[in-house]
Amino acid sequence: MSSIQTLLKTLFRNPSTIKSQSLAKQLHAQILKTKGPSPPDLSFLLSVYSNLNLLHDTLNLFNTLHFPPTTIAWKSIIRCYASHGLCYHSLASFVEMKAFGICPDRHVFPSVLKSCTLIRDLRFGESVHGCIVRSGMDIDLYTCNALMNLYAKLEVLGEIGGQRFSARQLLDESPDSKQVDNFGNHLGSSMELIGRNVNVKKEVDGGESLCSSQSNEPVHKLQLQVVGSDMNADLPPIGDGSPQIDTYWEVDDQYNGNIDRVSEQKEGKRVTKMDSVRKVFDMMPERDIVSWNTMIAGNAQNGMYEQALARVREMGNANLKPDSFTLSSVLPVFAEYVDAIKGKEIHAYAIRHGFDVDVFIGSSLIDMYANCTRVEDSLKVFNLLRQRDSISWNSIIAGCVQNGMFDEGLIFFRLMLMAKTKPTDVSFSSIIPACAHLTTLHLGKQLHGYIIRGEFEDNIYVASSLVDMYAKCGNIKMARWIFDKMEQHDMVSWTAMTMGYALHGHAHDAISLFEQMKGEAVKPNHVAFMAVLTACSHAGLVDEAWKYYNSMTKKYGIAPGIEHYAAVADLLGRAGRLDEAYHFISNMQIEPTGSVWSTLLAACRVHKNVELAEKVAEKIFDVDPENIGAYVLLSNIYSAAKKWKEAAVLRISMRDKGMKKKPACSWIEVKNKVHAFVSGDESHPYYDEIFKALEALLEQMEREGYVPNTNEVIQDVEEGQKKYLLCHHSERLAIAFGIISTPAGTTIRVTKNLRVCVDCHTATKLISKIVGREIIVRDNSRFHHFKGGECSCGDYW
């Protein structure tokens, strides 16, 4: 028996030697058999079960203890709840422990603060901070680390008298900051905690302060009971059977008075989101690598990049070497700065210290290189990873898609599935834009099905990506259906739907949605204004466009970007107000780029204004001498005006400079395969059938009164050759292939890399009427929905 007691004493001194549930159970049995269930022994056992993260065993043992349990017992149950993500239960246990007058120690506060962080309850966390200050635990390393993590992730600034502050800062700067525990008295800001998981009995006479057991003032006392082993059960009430009250705690007059005084003192002083984190950090008598990493990560995640890098240098001066977490925190800084050189230095450091095999470092490096447009380096890092988790797969997929490598992104997505890595919501929000850019509606639908099966359709980011994908793939009705199903909308979903309407020519729907967004108190950003200006441009709504353009700066304080100027210039050009557009561009607040002038040059071609086109082309060649599109546009303008000599001079100049015109190309997806066509292409396996279909269509079109508009042909060739060239434009080849390859009545969807010409637009309207199908053509400017001989653009594009 003595040997067993000796063993038990050894285990009590070294509980970490118990590493499994079976050993813990054996110890439990020996204690019951040898010594009997004394409170210290049971508390020790409880900590063993908690250290092993055995929730049910911890709960069962906890419920056998005589009340009030010891501090060790409370620590064990609170920590076990927190580690299992049962944050409300963890906080409820903390409140009940305080109600019994038991003072928390350094082992309790980290778990409580972790729970506050997980449920994103800053006010509760601030109240706990008050308890920490009162109990003198604000010098404990682990408690301070948990406090810093809370503030770094949750701190939200309020606004008082035009200044922005957090509640913690208001107290810290208050002349009565010593009364911090008074704020702590009002623990329980989480309405979900009070309303859903905790039954509260409110006692006003003679209760005990939450943060001070010596208070003589009547305060609120919370009584809670944690019983049972059901992880998902709500906490049952205790007490004398009196009614339970769901209480909304309010800050007292003392706190409100502090706010008023602090608002006066803060005049002209800027408060940042990381101030509370910094204050905790600066007051810590001891710091470890976790402390520094929390500070560095908080700065980096909140856009305070210079401060993050400064902290890394300070950490080195404190003789602490960066670890993998440090590196993964600072790598996004270099991605934001697009500084691949500094990023490579971090990469080299990681290799020297063996961190490059860490999957988190690998994912951060992939992101960094991708953001610096060095996808080839991202691929090298990815290929060298020994292990790949969903984060690394998502990083390489997003890196490819963000850099325009859409096919490669789709390949990596398939490889991820083959590697048995389950896609996450980030996977889908990363890959769906590839389908949108490639207009692969069939693949987009497959992904949508996967999303539904995986129950990701309620994720706001995934749903917004689906809205954008369906809109860009030509199915605006489906995009709106998904948009309407969303329980809440963020700025991305609003702008995706508004821009979708704009590109499909539904200008009034776009404007209505924009106004609805404002009506729901969502402040439009620069992307939202770009969407509504595009809608106005494609419908010729000049007055409405001016109204929105002017409200950007006057009402919302948004300075127009180059894209907004281009949208207005395009609007005026389409409306034939060329001189007004020229004056608008010439008086821009920023230097016009070649792309802005090019919108006016395109309008000069439509409205056949050769003189102004030459002036605009000179402007483009001054700021962007390598702009191939400008050379091609001006050459086409000369050809349309029968100025063959001037057109020939431009083409020779392009040839001498090594410039090559981008060939017109159109795509159509048939039976899960994308078929590409270029003008005059005779290489397609079904070319003979396509040619016969085009001849038959031309004959029926001519019966409908169609006369080819040979002015659209820029080559100086015979009239018969011009007709042949027109009939073999890339979009007509794609449309004809779609007609012969799909069942009658099927919608035909074609994508073209250039603007649809006037003759093809007229021809496609007639074809839609002849074959009785809807034909959707997406060119480089917008969507055209042809049906029954009409187009959704109303011949205004």
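Residues numbered from 1 in each chain as written. Predicted model: local features only at pLDDT ≥ 70, side-chain atom pairs only at ≥ 80, totals over all residues. Heavy atoms only, no water.

1. Brief notes about helix α19 (residues 359-371)
When the terminal C-alpha atoms of α19 are compared, their 18 Å separation across 13 residues agrees well with the 18 Å that a helix rising 1.5 Å per residue should span. Along α19, 10 of the 13 residues are buried, which leaves the element largely enclosed by surrounding structure. Listing the buried residues of α19 in full gives V359, I361, G362, S363, S364, L365, I366, M368, Y369 and A370. The inward-facing, buried residues of α19 contact α17 (324-337), α18 (340-352), α20 (375-384) and α21 (390-402). Near the N-terminus of α19, the side chain that reaches the backbone nitrogen of F360, with its oxygen 2.7 Å away, is that of D358. Looking at the residues trailing α19, positive phi occurs at T373, about 60°. (Helix = DSSP H or I, 4+ residues; strand = E, 2+ residues; numbered from the N terminus. Expected span 1.5 Å × (residues − 1). Buried < 20%, exposed > 50% of the residue type's maximum accessible area, 1.4 Å probe, protein only. Contact = heavy atoms within 4.5 Å. Polar contact = N/O pair within 3.5 Å; in protein donor to acceptor, adjacent residues only side chain to side chain.)

2. Concerning a nonpolar patch on the surface
A surface patch of nonpolar side chains, amounting to about 310 Å² of accessible area, comprises I411, L415 and M418. Relative to the helices and strands, I411 is located in helix α22 (residues 406-418). On the basis of relative accessible area, I411 is assigned to the partly exposed category, the value being 46%. (Patch = residues over 30% accessible without salt bridge, like charges linked within 9 Å, V, L, I, M, F, W, Y side chains within 5 Å. Areas by Shrake-Rupley, 256 points an atom, 1.4 Å probe, with all protein chains shown as cover. Salt bridge = Lys/Arg side-chain N within 4 Å of Asp/Glu carboxyl O.)

3. Digging into the pairing of strand β5 (residues 748-752)
With four of five residues buried, β5 lies mostly within the body of the structure. Where strand β3 (residues 665-670) meets β5, three bridges bridge the pair, whose relative direction is antiparallel. By the bridge assignment for β5, S666 is matched with K752. The pairing of β5 with strand β6 (residues 775-778) spans four bridges and is parallel. The residue bridging R749 from the neighbouring strand is I776, located in β6. Following the chain from β5 across helix α40 (residues 758-771) to the adjacent parallel β6, one finds a crossover that is right-handed. (Pairing = 2+ DSSP bridges. Right-handed = clockwise from strand over helix to strand, strands pointing away.)

4. Things to note about the nonpolar core
One finds V128, I431, I432, M469 and L600 to be the most contacted residues of the largest nonpolar core, which totals 182 residues. Grouped together as the second largest cluster of nonpolar side chains are 29 residues, I748, V750, C760 and V777 included. (Core = buried A, V, L, I, M, F, W, Y, C linked by side-chain atoms within 4.5 Å.)

5. A few points about the sheet that holds β5
Taking strand neighbours across the sheet as the criterion, the six strands line up as β4-β3-β5-β6-β7-β8 in an open arrangement whose pairing is mixed. Each of the sheet's edge strands pairs with one partner strand only, and the pair in question is β4 (673-678) and β8 (790-791).

6. Notes on empty space enclosed by the protein
Within the structure shown, the criterion is met by five cavities of 30 Å³ or more. One number sums up the size of the second largest cavity: a volume of about 50 Å³. As for the second largest cavity, its lining consists of L694, L697, L698, M701, C727, R732 and I767. Considering every element that reaches the lining of the second largest cavity, the biggest residue donor is helix α37 (residues 687-703), with four residues. (1 Å grid on protein atoms, 1.4 Å probe; cavity = no way out; pocket = protein on both sides within 12 Å on 5 of 7 lines; lining within 4 Å. Points joined across faces, edges and corners; volume = space filled by probe spheres on them.)

7. Topic: the UniProt feature "repeat: PPR" (unreviewed entry) in the protein
Sites flagged by UniProt as "repeat: PPR" (unreviewed entry) map to residues 70-104, 288-322, 389-423, 459-489, 490-524 and 525-560. Taken end to end, residues 389-423 is 74% helix and 0% strand, and its two terminal C-alpha atoms sit 10 Å from one another. (UniProt positions renumbered as here; feature names shortened; annotations may be inferred.)

8. Some words on the layout of surface pockets
One number sums up the size of the second largest pocket: a volume of about 490 Å³. Lining of the second largest pocket is provided by 28 residues; of these, L441, E669, V670, T747 and R749 occupy positions nearest its centre. Counting only elements with at least two residues in the lining of the second largest pocket, the list comes to α24 (441-453), β3, α39 (730-741), β5 and β6. Tallied by class, the residues present in the lining of the second largest pocket amount to 12 nonpolar, 10 polar and six charged. (Nonpolar A, V, L, I, M, F, W, Y, C, P; charged D, E, K, R; others polar.)

9. Observations regarding the pattern of salt bridges
Under the defined criterion, the tally for this structure stands at 17 salt bridges. The shortest N-O distance in the salt bridge between R480 and D484 comes to 2.9 Å. Of this pair, R480 and D484 both sit in helix α26 (residues 476-485), four residues apart, which is roughly one turn of the helix. For E704, the salt bridge goes to K769, with nearest N and O atoms at 3.5 Å. Of this pair, E704 sits in the loop between α37 and α38 (719-727) while K769 sits in helix α40, and the two are 65 residues apart along the sequence. Of the residues examined, E704 reaches a relative accessible area of 42% and is grouped as partly exposed. You can call K769 partly exposed: its relative accessible area is 47%. It is possible to trace a salt-bridge network through shared partners that takes in D275, R278 and D282.

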